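Results of the structural survey
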Amino acid sequence: MFFVFSSPEALARHLSLQLLQLIQKKPTAILGLATGSTMEPVYHNLCKLIHDHQTPLGQLTTFNLDEYVGLAPEHPQSYNYYMHQHLFNPAGFDDSRCFLPRGICADMQRECKEYSEKIQACGGLDFQLLGIGTNGHIGFNEPYTPFDSLTHIVELSENTRIDNGRFFDNWDDVPTHAVTMGIKDIMGAKEIVLAATGAHKAEVMAQLFQSSVDEAMPASILKTHPCIRIYVDEQAAALIPAEQLTKID
Ligand code: F6R
């Protein structure tokens, strides 16, 4: 379940190639996508691979995990902006098939309900890409989020606001709430890869490794998924017993 790579770049190369192969094999795939620093080299590599292989993307559909409440799509720290900057625009995705929950809309409850329904109406996710927060969150499902949750509004924990505050000029600008796909939506994906890189993720990866399936550690539910792979670089793997890790390169 735990695969270790020599560096974040090696992990990104492997994961982006895996995504390319999935898109080539199933051009109509439904992808669940994540944002964050971990994904930046993955998307950078994927854009290059898509160009090099001239991969058609016209039938691909994507659903992002989350968005900050209160940020418009054109806000530079919104996840909508991030996705267009790092993947959708440079790779040439069809914008009309790329979905993110909206951070601003008249009826947020309805937005949440319809987001989960839309994933189901498309036939469910073929593949879900995940990062992990230093508190074990997946998407923005913070500790103690019910495992049967669908898309919902979440109040961000202090820990998450501090972690993500690095992208904002002032503490007061750091959003307090987000809309996130629920854990049940994520677990509905046919295949899941969670990626974590860097020394700052070593502790949470060790906690995840040791944890029983417990809502206190949201990512622990992944241990019950039939097709889960957890990718870590050597720094993020530092506190996991070496014999439990499959080395890729
Ligand atoms: C982002 C998301 C989050 C991040 C996590 C790790 O869409 O769903 O769960 O994956 O916070 O973020 P980074 O990669 O910035 O450490």
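Everything below is about the structure printed above this text.
Fair warning: this is a prediction, and the values are worked out from it, not measured in the lab.

With that settled, consider the environment of T151. Residue placement: T151 occurs in the loop between β6 (127-130) and β7 (152-155). Considered as a pair, T151 and K113 are 38 residues apart in the sequence and their alpha carbons are 6.5 Å apart. When sequence neighbours within four positions are dropped, the list of residues in contact with T151 reads C112, Y115, S116, V179, T180, M181, G182 and D185.

With that settled, consider the pattern of salt bridges. All chains considered together, the criterion is met by 8 salt bridges. For D52, the salt bridge is made with K48, and the minimal N-O distance between the two is 3.1 Å. With D52 and K48 both in helix α2 (residues 39-52), this residue pair falls 4 residues apart, about one helical turn. Just as D52 is exposed, K48 falls in that class too. Residues K247 and E234 are paired through a salt bridge, measuring 3.3 Å at the closest nitrogen-oxygen approach. Highlighted residues: K247 in strand β11 (residues 246-247) and E234 in the loop between β10 (228-233) and β11, separated in sequence by 13 residues. Shared partners join several salt bridges into a network, and the residues in it are K26, D126 and K190.

On to the packing of helix α1 (residues 8-25) against α2. Relative to each other, α1 and α2 sit at 50°, their axes nearing to 8 Å. For the element pair α1 / α2, the angle class is oblique. In this structure, the crossing between α1 and α2 has a hand that is right-handed. Contact residues: α1 offers A12, R13, L15, S16, L17, L19 and L20, while α2 offers P41, V42, N45, L46, L49 and I50. Its residues placed into classes, the contact of α1 with α2 shows 10 nonpolar, 2 polar and 1 charged.

In a beta sheet, neighbouring strands pair by backbone hydrogen bonds and run either parallel or antiparallel. Taking strand neighbours across the sheet as the criterion, the 3 strands line up as β4-β8-β7 in an open arrangement whose pairing is antiparallel. The strands lining the two open edges of the sheet, one partner per strand, are β4 (66-68) and β7. This sheet shows a mean twist of 25° between the axes of neighbouring strands, independent of strand direction. Of the strands in this sheet, β7 and β8 (177-180) touch helix α4 (residues 108-121), which is tilted by about 120° from β7.

Of all 6 residues that make up strand β9 (residues 191-196), 6 are buried, and the element is covered over most of its length. In the sheet, β9 pairs with β10 via 5 bridges, with the strands oriented parallel. The residue of β10 that forms the bridge with I192 is I228. Considered for its hand, the β-α-β crossover made up of β9, helix α7 (residues 202-210) and β10 is right-handed.

Attention now moves to the nonpolar core. Counting residues in hydrophobic clusters, the biggest one holds 79 residues, and the most contacted among them are L15, L87, F93, L194, M205 and L222. Broken down by element, the residue count for this core peaks at 8 residues, all from α1.

Turning our eyes to something else, we now look at unusual backbone geometry. One non-glycine residue with positive phi stands out, namely Q54, at about 45°. With respect to the helices, strands and loops of the structure, Q54 is situated in the loop between α2 and β3 (61-64). Given a relative accessible area of 69%, Q54 falls into the exposed group. At Y144, a residue that is not glycine, the phi angle is positive and equals roughly 80°. Relative accessible area serves as the criterion here: at 62%, Y144 is assigned to the exposed category.

Rules and cut-offs
- Residues numbered from 1 in each chain as written.
- Predicted model: local features only at pLDDT ≥ 70, side-chain atom pairs only at ≥ 80, totals over all residues.
- Heavy atoms only, no water.
- Helix = DSSP H or I, 4+ residues; strand = E, 2+ residues; numbered from the N terminus.
- Contact = heavy atoms within 4.5 Å.
- Salt bridge = Lys/Arg side-chain N within 4 Å of Asp/Glu carboxyl O.
- Buried < 20%, exposed > 50% of the residue type's maximum accessible area, 1.4 Å probe, protein only.
- Axes fitted to C-alpha atoms, helices over the stretch in contact; angles between N-to-C directions.
- Parallel < 35°, antiparallel > 145°, perpendicular 65-115°, else oblique.
- Left-handed = near helix turned anticlockwise from the far one by under 90°.
- Nonpolar A, V, L, I, M, F, W, Y, C, P; charged D, E, K, R; others polar.
- Pairing = 2+ DSSP bridges.
- Right-handed = clockwise from strand over helix to strand, strands pointing away.
- Core = buried A, V, L, I, M, F, W, Y, C linked by side-chain atoms within 4.5 Å.

Honestly, that's just the spatial picture; any functional story needs more than this.
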